[in-house]
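Coordinate analysis (summary)
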Number of protein chains: 2
Amino acid sequence: MIDARKIEKLRKIVGKENVLESVEQMVAYSYDATNIWSHLPDVVVFPTKTEEISEILKFANENGIPVTPRGGGTNVSGGSIPIKGGIILCTTKMGRIIEISKTNLNATVEPGVVLQDFQEALAMEGLFFPPDPQSFAGCTMGGVIAENSGGPSCLKYGVAKQYVLGLEVVLADGRVMKLGGLTPKNRTGYELIMLFTGSEGTLGVISKITLRLLPAPRASKTIVAVFSDVAVAGETVTAIIASSVLPSKVEFLDSWTFEKLRGLLPDYVLDISQLVLLIQVDGLPQTVDAETQQILDICKQWAREVRVAADADEAEKYWQARGAHFSDIHSRAHTIVNEDVSVPRDKIADFIRLGRESAKRHDVPISFAGHVGDGNFHPAVLTDSRDKEHYQRALKCVDEIIDIALNLGGVLSGEHGIGLEKQRFLKKAMDPLAIETMKKIKDILDPNHILNPGKIWEESKE
Amino acid sequence: MIDARKIEKLRKIVGKENVLESVEQMVAYSYDATNIWSHLPDVVVFPTKTEEISEILKFANENGIPVTPRGGGTNVSGGSIPIKGGIILCTTKMGRIIEISKTNLNATVEPGVVLQDFQEALAMEGLFFPPDPQSFAGCTMGGVIAENSGGPSCLKYGVAKQYVLGLEVVLADGRVMKLGGLTPKNRTGYELIMLFTGSEGTLGVISKITLRLLPAPRASKTIVAVFSDVAVAGETVTAIIASSVLPSKVEFLDSWTFEKLRGLLPDYVLDISQLVLLIQVDGLPQTVDAETQQILDICKQWAREVRVAADADEAEKYWQARGAHFSDIHSRAHTIVNEDVSVPRDKIADFIRLGRESAKRHDVPISFAGHVGDGNFHPAVLTDSRDKEHYQRALKCVDEIIDIALNLGGVLSGEHGIGLEKQRFLKKAMDPLAIETMKKIKDILDPNHILNPGKIWEESKE
């Protein structure tokens, strides 16, 4: 617990209007979108500028107080849960878009800018920042970088790390470090920017971000293809990509989400099929037409039903169905254990088959939506954490699914990070020497382990 | 100096056929393409597998022997010069392409594979790895990663770091660390891969590389546009990119290279103009046609002369002229001081104007070719290191040009890295806290500083 004198000090740093401490308020900052763990912080502070972050961290470091950085709190691996109590450092009052440059194709923002607001501001200028995690309406740019966010568009455009040009980071001792610059190429020294990108708030607090942008695609089209066999769908994806077309999105929906597609596709198709591919191409109008035709030609050889959305409205309905998947699944069970393994593209069909067999063995419902174009799946096991026996079966199934993915040459996390959720798998998913190296880096940047303690690796010596 | 007993030990590790030690042989490994510094190694060893790299490093680490990793030796900032003597660890006998997967769009290679050989093997499969440094015919994949190589195609496709999925790295103490995997998305722990990418051989020796690939573009077209004013050329580049077309290459040639274009473009155009933009678009044939037309429409508003290469042969001639630039400049002077600063796109015209003024002030010839599309220039000052007075003036001009770039919000190196060449500028180009952090990382990964000693930062305590 932090005593009153320490909280008074925090009030002096950020102003009393920027400190929360009632229990009711602490509850709101005790969990994230993972919805499995929670822990009350002692206090929530809202810095409004870099200097305040610096003073907060200096004070916390000198007093050994845990600090959990938090933006929108939308992450799904436990990253922003203050599992050791202490301070929640919430960046949502640092929400300025500092600059958008159309000429330089870059933008500089504060960490508390909401991704959707940023995307809308860019769209006004004909610009584009591709990462599009499902939490876009609430997640903040600091989190997008600290979690190295992905999303459907990352198939064509890559993940957040591929867009970071410059960072200002406040280190655990309060010192402010400026990294990178404004240009798309920069070979000045080690890639320290990348150390903080995806570090889940454990190495520093990101206080300013410069991002590379792209010209916004002028046009897009959406294709829906329905398959009755997952292996065939997987081969179709491969055939599309091998034909030199890289769609902007190739998403996968299984029958759990078919209700959302009712009225959009003929019922007889949805009733007997096992999955839907939602494909988007974007670019110049002429490009989009050519690529759509090419994808159609390929899909027609393999799919039960193929349809191009007639207009943006129809396309939007399909994407809404995809977007609703996660909340849809959540509405059907008390607890969802939602993984995000990624497997090589040629193992997609094996992965889904083996995953379904595992769920059947453990007698738990499972859904397999995901970013099939890049092999990144979100297998979601539906369970109830209050029903110990069922929950244990669900966890065992998840354990098996992670083993299946790793055995197929896949990785533990494609997008969500390790946080609290995947700590217990880290040792089998990562070279022990790499874990040792990560810990050494943690030690040099945060020797007192005040930053987001209890995350990424299981505590033994920590 | 390494004594005979130590060399005997190295012979035991790699076999005597894989050890060179005569002075004549050492000379061949004493320099790189920078052509300014040189230093003889004591011995050159050619490991043929990871285990041998491991044993070499373990032995060198225990005996405090400097080890300079080297591939093709084509780098241009002094990175592979054994400035402290010791061992050259040359990876050219580890030249296997282990796997190319069209389905997974990835490939795994040993570090000694020559980039051009790799690109040709990929082309056979309809695949594509974009980085295309001018040294492609001789540089090796280990160097491409350790130097985080760029090239013209990086405008559209990004640099080497954006393609690394997995690395096997041998640490200074000989331990082998496996990082990343086979999938395009991976959020398992810190981005340690990125620490070794661009580390210039100072943190570990890369022994295996897994790369993300793209489907090869089906078609391409080349546009030549001649301008009489650099600001207008800069604005044209901006207008093209703002029109939602991202060309695969936008290169810049000044009058120094015009001789190579004789016969390809009308003489009267080249005589009075000041620069040429070479633009390439690629993709599906339909896309290429649409984008070419769009670029033509824009160029016609601004350029003195615009021409689309009629066929691949004509396009190849233009690109050969661009490719010959560097050797062309070299043929005109004993010493070339070739920088690679990068400036924000809206500062391109200012940068060239101020750079030319500086060269005039110091009375030295200068050429300004480069990757204008991303603001990365290779201003080359023509001088003669044997003529002390001229050489000093050339260096002063280079100093000024770097200051000009930094003052315009640019960065010290866009592609070539720091090596030996840019050490003296590092302190003004990088936050002291970032340099301190780099040194701490060096200390944890290579505590005895055996790996490529004397590079990146100036020696004070080292």
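In case you missed it, the structure is sitting above this.
Our subject in this report is the structure included herewith. (Residues numbered from 1 in each chain as written. Chains lettered and ligands numbered in written order. Predicted model: local features only at pLDDT ≥ 70, side-chain atom pairs only at ≥ 80, totals over all residues. Heavy atoms only, no water.)

Attention now goes to the sheet that holds strand β9 (residues 176-180) of chain A. Strand pairing in a sheet takes place through backbone hydrogen bonds and is either antiparallel or parallel in direction. All names here are of chain A. Taken together, the five strands give an open sheet; going across it, the order is β5-β6-β10-β8-β9, and neighbouring strands pair in antiparallel fashion. In this open sheet, the two strands that pair with only one neighbour each are β5 (97-101) and β9. Strand after strand, the sheet turns through a mean of 10 degrees between neighbouring axes, direction not considered. Inspection of the sheet shows strand β8 (residues 164-170) paired to strand β10 (residues 205-212) by six bridges, in the antiparallel sense. Bridge assignment links Val169 to a residue of β10, and that residue is Ile206. Where helix α3 (residues 50-63) meets the sheet, its contacts fall on β8, β9 and β10, and the angle it forms with β8 comes to roughly 50 degrees. (Pairing = 2+ DSSP bridges. Helix = DSSP H or I, 4+ residues; strand = E, 2+ residues; numbered from the N terminus. Axes fitted to C-alpha atoms, helices over the stretch in contact; angles between N-to-C directions. Contact = heavy atoms within 4.5 Å.)

Turning our eyes to something else, we now look at empty space enclosed by the protein. According to the stated counting rule, one finds five cavities of 30 Å³ or more in the structure shown. As for the largest cavity, its lining consists of 38 residues, of which A:Lys156, A:Tyr157, A:Leu246, B:Lys156 and B:Tyr157 are closest to the centre. Looking at the lining of the largest cavity, the elements that each hand over two or more residues are α6 (154-157), β11 (214-215), β14 (275-283) and α10 (285-302) of chain A together with α6 (154-157), β11 (214-215), β14 (275-283) and α10 (285-302) of chain B. By residue class, the composition of the lining of the largest cavity is 19 nonpolar, 10 polar and nine charged. (1 Å grid on protein atoms, 1.4 Å probe; cavity = no way out; pocket = protein on both sides within 12 Å on 5 of 7 lines; lining within 4 Å. Points joined across faces, edges and corners; volume = space filled by probe spheres on them. Nonpolar A, V, L, I, M, F, W, Y, C, P; charged D, E, K, R; others polar.)

Glancing now at the interface of chain A and chain B. Taken together, the contact between chain A and chain B spans 90 residues of the former and 89 residues of the latter. Summed over both sides, the interface between chain A and chain B buries roughly 7,300 Å², with carbon and sulfur atoms accounting for 62% of that surface. A salt bridge links B:Lys185 to A:Asp374; the shortest N-O distance between them is 3.1 Å. Taken together, the connections running from chain A to chain B amount to 33 residue pairs in polar contact (both at pLDDT 80 or more). Mapped onto the side of chain A that touches chain B, the elements with two or more residues apiece are β9, α7 (192-196), β11, α8 (230-242), α10, α15 (423-429) and α16 (432-445) of chain A. Considering every element that reaches the side of chain A that touches chain B, the biggest residue donor is α16(A), with 10 residues. For the side of chain A that touches chain B, a count of residues per class yields 40 nonpolar, 30 polar and 20 charged. (Buried area = accessible area lost by both parts, 1.4 Å probe. Salt bridge = Lys/Arg side-chain N within 4 Å of Asp/Glu carboxyl O. Polar contact = N/O pair within 3.5 Å; in protein donor to acceptor, adjacent residues only side chain to side chain.)

For the match of chain A to chain B, the screw axis carries a shift of 0.0 Å, the RMSD comes to 0.0 Å, and the turn is 180 degrees. What the rotation and shift describe, once combined, is the action of a two-fold rotation axis. No C-alpha of chain A lies nearer the rotation axis than that of A:Thr287, which sits 2.4 Å from it. Of the interface residues in chain A, 99% have counterparts in chain B that sit at the interface too, so the contact is made through matching surfaces. (Least-squares fit on C-alpha atoms with pLDDT ≥ 70 in both.)

This part is about the sheet that holds strand β2 (residues 43-45) of chain B. All names here are of chain B. Within the open sheet, the four strands sit side by side as β1-β2-β4-β3. Their pairing is mixed. Each end of this open sheet is capped by a strand with a single partner; those strands are β1 (19-20) and β3 (67-70). The pairing of β3 with strand β4 (residues 87-90) spans four bridges and is parallel. In the strand pairing of β4, Thr68 is matched with Ile88.

Okay, the environment of A:Ala429 next. Among the structural elements, A:Ala429 can be located in helix α15. Residue classification places A:Ala429 among the partly exposed positions, given a relative accessible area of 26%. Residues A:Ala429 and A:Asp403, 26 residues apart in the sequence, show an inter-C-alpha distance of 9.0 Å. Those residues in contact with A:Ala429 that sit more than four places away from it in its chain are A:Leu406, A:Leu412 and B:Thr188. (Buried < 20%, exposed > 50% of the residue type's maximum accessible area, 1.4 Å probe, protein only.)

Another point: the environment of B:Val67. All names here are of chain B. If you trace the backbone, Val67 turns up in strand β3. Residues Val67 and Lys422, 355 residues apart in the sequence, show an inter-C-alpha distance of 21 Å. Beyond its immediate stretch of four places on either side in the chain, Val67 contacts Leu57, Ala60, Ile87, Leu89, Ile450, Leu451, Asn452 and Pro453.

This part is about the packing of aromatic side chains. Counted by the stated rule, this structure contains 18 aromatic pairs over all chains. Ring centres of B:Phe351 and B:Phe368 lie 5.7 Å apart, and the angle between their planes is 80 degrees; on these two criteria the pair is classed as edge-to-face. Taken together, the positions of B:Phe351 in helix α13 (residues 348-361) and B:Phe368 in the loop between β17 (366-367) and β18 (370-371) put the pair 17 residues apart, joining distant regions of the chain. Across the ring face of A:Trp319, the terminal group of A:Lys249 is positioned such that the distance to the ring centre comes to 4.5 Å. (Phe/Tyr/Trp six-rings, centres within 6.5 Å; stacked < 30°, edge-to-face > 60°. Lys NZ or Arg CZ within 6 Å of the ring centre and 35° of its normal.)

What follows concerns helix α11 (residues 312-323) of chain B. Because an α-helix packs 3.6 residues into every turn, residues spaced three or four apart end up facing the same way. All names here are of chain B. Compared with the 16 Å implied by 1.5 Å per residue over 12 residues, the 16 Å span of α11 between its first and last C-alpha is a close match. All buried positions along α11 are accounted for by Glu314, Ala315, Tyr318, Trp319, Ala321 and Arg322. Taken down its axis, α11 places every buried residue within 150 degrees of arc, on the same side. Facing away from the buried side of α11 by over 90 degrees, the exposed positions are Ala312 and Asp313. Each element contacted by the buried residues of α11 is listed here: β12 (219-227), β13 (249-254), β14, β15 (305-308), α12 (325-330) and β18. Between the side-chain oxygen of the N-cap and the backbone nitrogen of Asp313 there are 3.2 Å, and the N-cap of α11 in question is Asp311. (Expected span 1.5 Å × (residues − 1). Arc of directions from axis to C-beta.)

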